[in-house]
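Here's the letter readout for the chains.
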Amino acid sequence: MANSKKPVHELRMGRIRAAIWENDTKNGTVHNVTVSRLYKDDNDKWSDSTSFGRDDLPIVAKVTDKAHSWIFEQSGAAEG
């Protein structure tokens, strides 16, 4: 899935990453978040996955909370 558009913001804690995407709609700007886990594959190259283990979940929760706060701050900044 090739996408030339880049996220407007990224948050990372350890190997967990949240990318925040901005989309303009007829109802205004909306944000979506993708969450991934970085790992090294068998060829020692970095890759990512959307599958998380038990120990990843608290970090996923923290990263998504930070993403929510960032999005909320952006909408507040637009309102003045």
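Our subject is the structure listed above.
Residues numbered from 1 in each chain as written. Predicted model: local features only at pLDDT ≥ 70, side-chain atom pairs only at ≥ 80, totals over all residues. Heavy atoms only, no water.

Novice: Mind showing me how you'd approach the nonpolar core here?
Specialist: The nonpolar side chains of soluble globular proteins are, as a tendency, buried together. If you look at the biggest cluster of nonpolar residues, it comprises 9 residues: Leu11, Ile16, Ala18, Ile20, Val35, Val60, Val63, Ala67 and Trp70. Ranked by residues supplied to this core, first place goes to helix H1 (residues 57–79) with 4 residues. (Core = buried A, V, L, I, M, F, W, Y, C linked by side-chain atoms within 4.5 Å. Buried < 20%, exposed > 50% of the residue type's maximum accessible area, 1.4 Å probe, protein only. Helix = DSSP H or I, 4+ residues; strand = E, 2+ residues; numbered from the N terminus.)

Novice: Hey, could you run me through the pattern of salt bridges in this one?
Specialist: Pairing between side chains becomes possible if they bear opposite charge and their charged atoms approach one another. Evaluation of the coordinates by the stated rule reveals 4 salt bridges. Across the salt bridge formed by arginine 17 and aspartate 48, the nearest N and O atoms sit 3.5 Å from each other. Of the two residues, arginine 17 is situated in strand E2 (residues 16–25) and aspartate 48 in strand E4 (residues 46–49); the sequence distance between them amounts to 31 residues. A relative accessible area of 23% means that arginine 17 is categorised as partly exposed. (Salt bridge = Lys/Arg side-chain N within 4 Å of Asp/Glu carboxyl O.)

Novice: Help me understand the environment of arginine 15, please; the structure alone is not making it clear to me.
Specialist: Here arginine 15 is to be found in the loop between strand E1 (9–13) and E2. Along the sequence, arginine 15 and isoleucine 59 sit 44 residues apart, while their C-alpha atoms lie 9.1 Å from each other. Those residues in contact with arginine 15, other than ones at most four positions away along the chain, are Ser36, Arg37, Leu38, Tyr39 and Trp46. (Contact = heavy atoms within 4.5 Å.)

Novice: Looking at this structure, how should I read the layout of surface pockets?
Specialist: The gaps of empty space that remain are located by a probe, the size of a water molecule, rolled over the atoms. What the largest pocket holds in volume is close to 200 Å³. Lining the largest pocket are Pro7, Glu10, Arg17, Ala19, Trp21, Thr34, Val35, Ser36, Asp48 and Thr50. Contributing elements (two or more residues each) for the lining of the largest pocket: E2 and strand E3 (28–40). (1 Å grid on protein atoms, 1.4 Å probe; cavity = no way out; pocket = protein on both sides within 12 Å on 5 of 7 lines; lining within 4 Å. Points joined across faces, edges and corners; volume = space filled by probe spheres on them.)

Geometric values such as these leave the question of function open.
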